[in-house]
Amino acid sequence: MFGELIDSISKKAGAFFEPIGRFLESTHLPEQFKEVDFSGLFTNPWFLVPFVALVGYLLYKKAFRDMIILSAVMGAWYASGTPYMQTLVVNGVVQVNKILPVIFGGAAVLGLIIYLLFGRSD
């Protein structure tokens, strides 16, 4: 009985996620994220104008919590493209001495975001 329920749920989930996976594969979206030119992005007016408008709006509304979260997300995105991140896995083996600081740093940033969202009131 329980096994049949799990099989039914997994089939429904597979039917739901399969088109999404095919779409991501056909658009090559993960490769596009990997190949983003950070300096080129911030000189592109199609990105820069809405980004500056968002930052200006957040400053106008005095939404410093959202500014900190946006900065943390942008910082994590920037850090993911650094040469240090490229050396975390060598020949398919995770380098534990290099990945532990990344894990603890990510946990600290995630803790800060959770604190800002749920831990204090405005």
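In this text, all values refer to a predicted model and were calculated from it rather than measured experimentally.

The rules behind each value
- Residues numbered from 1 in each chain as written.
- Predicted model: local features only at pLDDT ≥ 70, side-chain atom pairs only at ≥ 80, totals over all residues.
- Heavy atoms only, no water.
- Helix = DSSP H or I, 4+ residues; strand = E, 2+ residues; numbered from the N terminus.
- Rg over C-alpha atoms; globule rule 2.2 N^0.38 Å.
- Salt bridge = Lys/Arg side-chain N within 4 Å of Asp/Glu carboxyl O.
- Buried < 20%, exposed > 50% of the residue type's maximum accessible area, 1.4 Å probe, protein only.
- Phe/Tyr/Trp six-rings, centres within 6.5 Å; stacked < 30°, edge-to-face > 60°.
- Patch = residues over 30% accessible without salt bridge, like charges linked within 9 Å, V, L, I, M, F, W, Y side chains within 5 Å.
- Areas by Shrake-Rupley, 256 points an atom, 1.4 Å probe, with all protein chains shown as cover.
- Axes fitted to C-alpha atoms, helices over the stretch in contact; angles between N-to-C directions.
- Parallel < 35°, antiparallel > 145°, perpendicular 65-115°, else oblique.
- Left-handed = near helix turned anticlockwise from the far one by under 90°.
- Contact = heavy atoms within 4.5 Å.
- Nonpolar A, V, L, I, M, F, W, Y, C, P; charged D, E, K, R; others polar.

Visitor: Even after reading the chapter, I still don't get the overall build of the protein, so can you show me in this structure?
Guide: The helix and strand inventory of the protein stands at seven helices and two strands. Its helices and strands in sequence order give the protein the pattern α-α-α-α-α-α-β-β-α, from N to C terminus. On C-alpha atoms alone, the protein measures out to a radius of gyration of 20 Å, which is more than a quarter above the 14 Å that the 2.2 N^0.38 rule sets for 122 residues. Considering only C-alpha atoms, the protein reaches an extent of 55 × 40 × 35 Å along its principal axes.

Visitor: Help me out: how do you make sense of the pattern of salt bridges in this one?
Guide: Should their charged atoms come close, side chains of opposite charge can pair. Per the stated rule, a full pass over the model turns up two salt bridges. Among the ionic pairs, D66 bridges to R65, the shortest N-O distance being 3.5 Å. Using a relative accessible area of 30% as the deciding quantity, one classes D66 as partly exposed.

Visitor: Got a minute to help me understand the environment of V109 in this structure?
Guide: Structurally, V109 can be placed in helix α7 (residues 96-119). Placed 37 residues apart in sequence, V109 and A72 show a C-alpha to C-alpha distance of 7.1 Å.

Visitor: What should I look at first to understand unusual backbone geometry in this one?
Guide: Across the chain, the bulk of peptide bonds are trans and the bulk of non-glycine residues have phi less than zero. At K62, a residue that is not glycine, the phi angle is positive and equals roughly 55°. Tracing the backbone shows K62 in the loop between α4 (45-60) and α5 (64-79).

Visitor: In this structure, what is going on with the packing of aromatic side chains? I would like to understand it.
Guide: For any pair of aromatic rings, the description rests on two quantities: the centre-to-centre distance and the angle between the ring planes. Considering all chains together, one arrives at one aromatic pair under this definition. Taking 5.5 Å as the distance between ring centres and 15° as the angle between the ring planes, the aromatic pair formed by F47 and F51 counts as stacked. Of this pair, F47 and F51 both sit in helix α4, four residues apart, roughly one helical turn.

Visitor: Help me out: how do you make sense of a nonpolar patch on the surface in this one?
Guide: Together, F16, F17, I20, F23 and L24 line one region of the surface with nonpolar side chains, adding up to about 520 Å² of accessible area. With respect to the secondary-structure elements, F23 resides in helix α1 (residues 2-27).

Visitor: What should I look at first to understand the packing of α5 against α7 in this one?
Guide: Helix-helix packing is described using two parameters, namely the angle between the two axes and the distance between the axes. Orientation of α5 relative to α7, taken along the N-to-C sense of each, is 160°, at an axis distance of 10 Å. The angle between α5 and α7 falls in the class roughly antiparallel. α5 and α7 meet at a crossing whose hand is left-handed. Residues R65, I68, I69 and A72 of α5 pack against V109, L112, I113, L116 and L117 of α7. A class-by-class count of the residues in the contact of α5 with α7 yields eight nonpolar, no polar and one charged.

Distances and angles like these do not, on their own, reveal function.
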